[in-house]
Amino acid sequence: MELIERLVSPEIRALSAYHVPPAKGMVKLDAMENPYSLPEALRQEWLTKLGQVEINRYPDSGACELKSKLREVFDIPDNLGLILGNGSDELIQMVASLVGGPGRMFLTPSPSFSMYEIISLTTSTGFKSVSLNNDFSPNRSEFLKELENTNPACIFIAYPNNPTGNSFDRIFIEEIISTAPGLVVIDEAYFSFSGKSFLQQIDQFSHVLVMRTLSKSGLAGLRLGMMMGHPEWIEQLEKIRLPYNINCLTQASVEFCLDHFSIFSDQAAQIITDRMWLAEHLQKLTGLTVFPSETNFILVRLDRDADQVFESLKHQGILVKNLHRPDTLLENCLRVTVGTPQQNLKLVNELGHCLR
Ligand SMILES: *Cc1c(COP(=O)(O)O)cnc(C)c1O
């Protein structure tokens, strides 16, 4: 395909499309989904509400009602702007369209959330990452050095970090905020499990954006992410946002769920309890290291070939995320999402078999 070679940049030709493994019939512990669904009685009420949605009309472009409910439930300060994305992935893309592009740089610790790099590549934005220390804490001096060298248009900090599960020291992040020459995005995708946030203090800084998502809290299928920050930055992002990016079924569904949000907070509390159970029982197995987590997943490092263990788990019907790359910080690492108590027990048992 000569035309592709001529028209598509080498960077994009070198990429492969984001791979999502088939998971039908599997115990799905690979993607940080909430294992619980809406209680049956509410499900009926939700369907009734969806039945009234006018699908022949475009959705409310500004998602006004949804936004006002989000502000209330997530205690978003009135003096901050709010923009919604079709997942937080889309918000990262909007930031890249706004301040990325040729000649611009994005900076992030590594390993971190893969979309920061993928979106940099697909928007021709330069990308630099700074390796974390062996214990997954940030390398402060290296990071500050790269910050000066690269002069990044945007720094992405996942707080807590994916795939390592830890939250970086607040003082480190505050130092980044005060030295950054461009934007700083604090990605709080796991806020429901960490309880830690910068949302209440970013109004002191006009260049800091906080991002959240409902994906990890039980609504991954709806695709809703939100970004909060100085109203003037949000106003610029609004120019990039496609007019109807949040479809009417998502708007109606999320509004409904926000009216019953205690269900989701209760589920998060349950998942935190189960995470502690899972960490404790994984720790009892020999042949692996369990890393501390403030999220709904746990990172483990095996003392043997993680590819093999990943395949055996898959064979037993359990899908986890294989992060193994030789000679990196993630060597022989697997990331497991906290599931239901039964799923967690099955995982511990099968992993125990693999490691015997
Ligand atoms: C899962 C995840 C996201 C993606 O969220 P979506 O709203 O589903 O696009 C963003 N950031 C981090 C750090 C994540 O782990």
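Residues numbered from 1 in each chain as written. Predicted model: local features only at pLDDT ≥ 70, side-chain atom pairs only at ≥ 80, totals over all residues. Heavy atoms only, no water.

Draft legend 1. Expanded view of the site of the ligand. Among the 13 residues in the neighbourhood of the ligand, the closest are listed as Asp187, Thr213, Ser215, Lys216 and Arg223. The side chain of Asn162 places a nitrogen or oxygen atom 2.8 Å from an oxygen atom of the ligand. One of the side-chain nitrogen or oxygen atoms of Thr213 is found 2.5 Å away from an oxygen atom of the ligand. Of the residues in the shell around the ligand, the class split is four nonpolar, five polar and four charged. (Near = heavy atom within 4 Å. Polar contact = N/O pair within 3.5 Å; in protein donor to acceptor, adjacent residues only side chain to side chain. Nonpolar A, V, L, I, M, F, W, Y, C, P; charged D, E, K, R; others polar.)

Draft legend 2. Region of the structure containing the sheet that holds strand E4 (residues 126-131). Read across the sheet, seven strands follow the order E2-E8-E7-E6-E5-E3-E4 without closing on themselves; strand pairing throughout is mixed. Of all the strands in the sheet, the pair left with one neighbour each is strand E2 (81-85) and E4. Geometrically, the sheet is characterised by an average inter-axis angle of 20° between neighbouring strands, direction not taken into account. Examined bridge by bridge, strand E6 (residues 183-187) and strand E7 (residues 208-213) share four bridges and lie parallel to one another. Its bridge partner lying in E7, Val184 is registered against Val208. Against the sheet, helix H5 (residues 88-99) touches E2, strand E3 (105-110), strand E5 (154-158), E6, E7 and strand E8 (225-229), its axis set at about 115° to E2. Most of the contacts of helix H10 (residues 231-240) go to E2, to which it runs at about 30°, and overall it touches E2, E6, E7 and E8. (Pairing = 2+ DSSP bridges. Helix = DSSP H or I, 4+ residues; strand = E, 2+ residues; numbered from the N terminus. Axes fitted to C-alpha atoms, helices over the stretch in contact; angles between N-to-C directions. Contact = heavy atoms within 4.5 Å.)

Draft legend 3. Empty space enclosed by the protein, seen in detail. Under the definition given, this model contains two cavities of 30 Å³ or more. Taken as a whole, the largest cavity holds about 70 Å³ of empty space. As for the largest cavity, its lining consists of Phe74, Glu188, Ala189, Phe191, Ser192, Arg212, Thr213, Leu214, Ser217, Met226 and Phe261. Of the residues belonging to the lining of the largest cavity, the class tally is six nonpolar, three polar and two charged. Empty space within the second largest cavity amounts to approximately 50 Å³. Taken together, Ser61, Gly62, Ala63, Lys67, Leu84, Glu238, Arg241, Asn245 and Ile246 form the lining of the second largest cavity. Residues that form the lining of the second largest cavity fall into these classes: three nonpolar, three polar and three charged. (1 Å grid on protein atoms, 1.4 Å probe; cavity = no way out; pocket = protein on both sides within 12 Å on 5 of 7 lines; lining within 4 Å. Points joined across faces, edges and corners; volume = space filled by probe spheres on them.)

Draft legend 4. Layout of the side chain of Asn245. Positionally, Asn245 belongs in the loop between H10 and helix H11 (248-259). Residue classification places Asn245 among the buried residues on the basis of a relative accessible area of 9%. Within the local environment of Asn245, its side chain forms a polar contact with the side chain of Glu90, the two groups lying 2.9 Å apart. Polar side-chain contacts of Asn245 include one of 2.8 Å to the side chain of Arg241. With residues up to four places along the chain from it excluded, the contact list for Asn245 reads Leu84, Gly85, Asn86, Glu90 and Met94. (Buried < 20%, exposed > 50% of the residue type's maximum accessible area, 1.4 Å probe, protein only.)

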